[in-house]
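# Per-entry structural report
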Amino acid sequence: AHPVAGEEKEEMIRSFMGVRAAASRAAAPSAFRTAPARVWSSAARAQQQSTYSKGKIVGGVLGVATGLAFLGQQTAHANDALAAPQHPWQHNSFFNGLDHGSIRRGWMVYQEVCSACHSLDLIAWRNLVGVVATEAEVKEWAADHEYVDGPDDQGDMYDRPGALTDHIPRPYRNDNEARAGNNGALPPDLSLIKKARVGGEDYLFSLLTGYREAPHGVTLREGMHFNPYFAGGAIGMEQALHDEMIDYEDGTPSSISQMAKDVSVFLTWAAEPEHDERKRMGLKAFFVIALMCIPTLYFKRLKWSVVKTRQLRFTKL
C-alpha cells in the first residue's frame, strides 16, 4: 500500500464533494441560499401587501362614489314639479308597523271617494281580512257587488254576489270607458301607486293636499287644475278631498290632511302587504345573527390562531 496514493484519493473525494455542494447551492431557491435574499423577499412581500391594501382603499372609494352617484339620480332626473316634503310616518321606523286604524280609515276614503275613478286590480277581498276588517265584514262588503260568472249548465253567463276570492271591482269596464268619463285622461290603478311615484306616501299626501289657485301668468286648459306637486303643474283630477266629507266610525275628525294621511297609509299597505311581516322577520334575523357572532368569533380565533402564530425559520445551507 502506498500512503501517497491514499492521500491523493481522499483529496479527490473532497474536491468532488465540494463541487456537488456548490452545485446544490446554485440550484436551491434564493430564499434558502443567503440571508440578503431572504431580506429582499420579505421586503417584496411587504411592498406587495402595501400595494394590495392601497388597491382595496381605492376600490372602496370608487364603490362609495358609484353608490353616491346612483343615489343622486333622482336629482338628475328631476322635473318641474315641486318636491314632496318628507313627513314623520310611523311605519318608517324600523321597530314600528303600519297604523291599522289608519289603514281602515284609508279604506273608507278609497271606497267613498277614490273608487269612483281608480281601481285596485291587485287587491282581492280576502286580502282585507285581518287587516282592514273581520272576515264577516269583508264577506258582507263583497256580497254588495255583482260579478259575472259562468257559464252554467246551459252555457249562459250569470251574475252572482261577490266572494272573498274575487278582486275588488273596477269602476270602468275598460280603458276607453275610463278615458271617456275623465276628459281623455286615464285614471291610474292604485295598487302599486306608492312604489310607482318618487316620494311614495309623501308624494301621495302632498298631491292630495296641494291643490292651489293657479299663480299669475299660468294659464290652464279647460278641465285642468293646478297642483305644484304634479309634473307640469296641471292635473286632470280635481280636488277630491274636502273637510268633513266622510264620517269616520271611530270619531276621528275628517279633515283634508287626515283623510290624505289615511288613504296614503292604506295605499302603502296595498303596495306592500308584507310590510309588517318583513319587519318582524328582519328583527328575528338580526337577533339570530347577533347570537351567532359569539361562536363565529370564537371559532375564527381557534382556527386561525395556528396560522397567525406560525413562524418560518430559514438557515443557510
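Preceding block: the structure.
Residues numbered from 1 in each chain as written. Predicted model: local features only at pLDDT ≥ 70, side-chain atom pairs only at ≥ 80, totals over all residues. Heavy atoms only, no water.

Before going further, it helps to spend a moment on the pattern of salt bridges. By the definition in use, this model includes 16 salt bridges. In this structure, D99 engages K261 in a salt bridge whose closest nitrogen and oxygen atoms are separated by 3.7 Å. Within this pair, whereas D99 is found in the loop between α3 (73-76) and α4 (100-112), its partner K261 is found in helix α9 (residues 256-271), the two being separated by 162 residues in sequence. With a relative accessible area of 27%, D99 lands in the partly exposed category. Note on K261: relative accessible area 25%, which makes it partly exposed. R170 is the partner of D121 in a salt bridge, and the nearest nitrogen-oxygen pair spans 3.6 Å. Placement of the pair is D121 in the loop between α4 and α5 (135-143) and R170 in the loop between β2 (158-161) and α6 (175-180), with a sequence separation of 49 residues. Residue D121 is classed as partly exposed on the basis of its relative accessible area, which comes to 28%. Its relative accessible area of 44% is what places R170 among the partly exposed residues. (Salt bridge = Lys/Arg side-chain N within 4 Å of Asp/Glu carboxyl O. Helix = DSSP H or I, 4+ residues; strand = E, 2+ residues; numbered from the N terminus. Buried < 20%, exposed > 50% of the residue type's maximum accessible area, 1.4 Å probe, protein only.)

Here the focus is the packing of helix α8 (residues 201-209) against α9. At a minimum axis distance of 9 Å, the contact between α8 and α9 shows a crossing angle of 145 degrees. Where α8 crosses over α9, the two elements pack in a sense that is right-handed. Between α8 and α9, the residues in contact are E201, L204, F205, L208 and T209 and I256, S257, A260, K261, V263, S264, L267 and T268, respectively. (Axes fitted to C-alpha atoms, helices over the stretch in contact; angles between N-to-C directions. Left-handed = near helix turned anticlockwise from the far one by under 90°. Contact = heavy atoms within 4.5 Å.)

Moving on, we come to the side chain of S254. Structurally, S254 can be placed in the loop between β4 (234-235) and α9. Side-chain polar atoms of S254 contact the backbone oxygen of I246, separated by 2.6 Å. S254 has contacts with H242, D243, E244, M245, I246, Y248 and M259, leaving out every residue within four places of it along the chain. (Polar contact = N/O pair within 3.5 Å; in protein donor to acceptor, adjacent residues only side chain to side chain.)

What follows deals with the nonpolar core. Counting residues in each nonpolar core, the largest one holds 42 residues, and the members touching the most others are W125, F266 and W269. Among the secondary structure elements, those contributing two or more residues to this core are α4, α5, α8 and α9. Setting aside residues up to four positions removed in sequence, W269 forms contacts with L98, I103, I123, N127, L128 and V131. (Core = buried A, V, L, I, M, F, W, Y, C linked by side-chain atoms within 4.5 Å.)

The next subject is a negative patch on the surface. Taken together, the side chains of E112, D243, E244 and D247 present a region of like negative charge at the surface. Inspection of the secondary structure puts D247 in the loop between β4 and α9. Given a relative accessible area of 68%, D247 falls into the exposed group. (Patch = residues over 30% accessible without salt bridge, like charges linked within 9 Å, V, L, I, M, F, W, Y side chains within 5 Å. Areas by Shrake-Rupley, 256 points an atom, 1.4 Å probe, with all protein chains shown as cover. Lys, Arg positive; Asp, Glu negative; His and termini not counted. Charge placed at Lys NZ, Arg CZ, Asp CG, Glu CD.)

Here L186 is to be found in the loop between α6 and α7 (193-196). For L186, a relative accessible area of 35% gives the class partly exposed. In the structure, L186 is positioned 50 residues away from G236 in sequence and 9.4 Å away in space, judged by C-alpha atoms. Leaving out residues up to four positions away in the same chain, L186 has contacts with D175, A178 and R179.

In the structure shown here, the tally under the stated rule is ten aromatic pairs. Ring geometry for W107 against W125: centres 6.0 Å apart, planes inclined by 80 degrees, an arrangement best described as edge-to-face. Note that W107 is positioned in helix α4 and W125 in the loop between α4 and α5, a separation of 18 residues in sequence. For W107, a relative accessible area of 2% gives the class buried. You can call W125 buried: its relative accessible area is 0%. Judged by centre distance (5.8 Å) and plane angle (55 degrees), the rings of W107 and F266 are tilted. Of this pair, W107 sits in helix α4 while F266 sits in helix α9, and the two are 159 residues apart along the sequence. (Phe/Tyr/Trp six-rings, centres within 6.5 Å; stacked < 30°, edge-to-face > 60°.)

Turning next to unusual backbone geometry. Across the junction of G150 and P151, the peptide omega takes the value 0 degrees, indicating a cis bond. Structurally, P151 is set in the loop between β1 (146-149) and β2. We note that N183 has phi near 55 degrees; this positive angle belongs to a residue other than glycine. Phi is positive for E244, which is not a glycine, with a value near 60 degrees. By secondary structure assignment, the location of E244 is in the loop between β4 and α9.

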